[in-house]
Amino acid sequence: MKKIIVVDDERSILDALDFMLSSEGYHVRTASHGNELLRLTIDKPDLIILDLLISGEDGRQICRMLKTRKDTKDIPVIMISAHPNAKQ
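The notes below deal with the structure included here. Just so it is clear, the model here is predicted, and its values are computed rather than measured.

## Considerations on the environment of Asp-46
The topology assignment puts Asp-46 in the loop between α2 (34-40) and β3 (47-51). The class of Asp-46 is partly exposed, set by a relative accessible area of 34%. The residues touching Asp-46, leaving out its near neighbours within four places in the chain, are Met-1, Lys-2, Lys-3, Ile-75 and Pro-76.

## Considering the side chain of Thr-41
With respect to the helices, strands and loops of the structure, Thr-41 is situated in the loop between α2 and β3. Note on Thr-41: relative accessible area 2%, which makes it buried. A distance of 2.8 Å separates a polar atom in the side chain of Thr-41 from the backbone oxygen of Leu-38. If we skip the residues at most four places from it in the chain, Thr-41 touches Ile-5, Ile-48, Leu-66, Arg-69 and Thr-72.

## Notes on the nonpolar core
Nonpolar side chains tend toward joint burial in soluble globular proteins. Counting 12 residues, the largest nonpolar core consists of Ile-5, Val-7, Ala-31, Leu-37, Leu-40, Ile-48, Leu-50, Ile-54, Ile-62, Cys-63, Leu-66 and Ile-75. Those elements that provide at least two residues to this core are β1 (3-7), α2, β3 and α3 (59-68). The dominant element in this core, judged by the number of residues it contributes, is α3, at 3 residues. Setting aside its immediate chain neighbours within four residues, Cys-63 contacts Leu-50, Val-77 and Met-79.

## Notes on the sheet that holds β1
If you walk across this open sheet you meet the 4 strands as β2-β1-β3-β6, and the pairing is parallel. The strands lining the two open edges of the sheet, one partner per strand, are β2 (27-31) and β6 (77-80). If you compare each strand with its neighbour and ignore which way they point, the axes differ by 20° on average. Of the pairings in the sheet, the one linking β3 to β6 comprises 4 bridges and is parallel in character. Residue pairing in the sheet places Asp-51 in a bridge with Ile-80 of β6. Lying over the sheet, helix α1 (residues 11-23) contacts β1, β2, β3 and β6, oriented at roughly 170° with respect to β2.

What counts as what
- Residues numbered from 1 in each chain as written.
- Predicted model: local features only at pLDDT ≥ 70, side-chain atom pairs only at ≥ 80, totals over all residues.
- Heavy atoms only, no water.
- Helix = DSSP H or I, 4+ residues; strand = E, 2+ residues; numbered from the N terminus.
- Buried < 20%, exposed > 50% of the residue type's maximum accessible area, 1.4 Å probe, protein only.
- Contact = heavy atoms within 4.5 Å.
- Polar contact = N/O pair within 3.5 Å; in protein donor to acceptor, adjacent residues only side chain to side chain.
- Core = buried A, V, L, I, M, F, W, Y, C linked by side-chain atoms within 4.5 Å.
- Pairing = 2+ DSSP bridges.
- Axes fitted to C-alpha atoms, helices over the stretch in contact; angles between N-to-C directions.

Here it is as structure tokens:
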């Protein structure tokens, strides 16, 4: 079973993505901030879905950090945002 980590500070978004992905057969773990994400990557996920603007954190910086680490650099990351003014 493919493992996916979803990181977002909005509980409703975490719950919705967890429900949709789990319904499709994925094993989903959720996190609401970057420190939680790092703890969950020990389990070597197949994909990370990462919010662009997490409370007090920049998802782009978290992604850059993941790509510099030997143990996480090869994990694909999809950036998402529900914020209407999120910059690309």
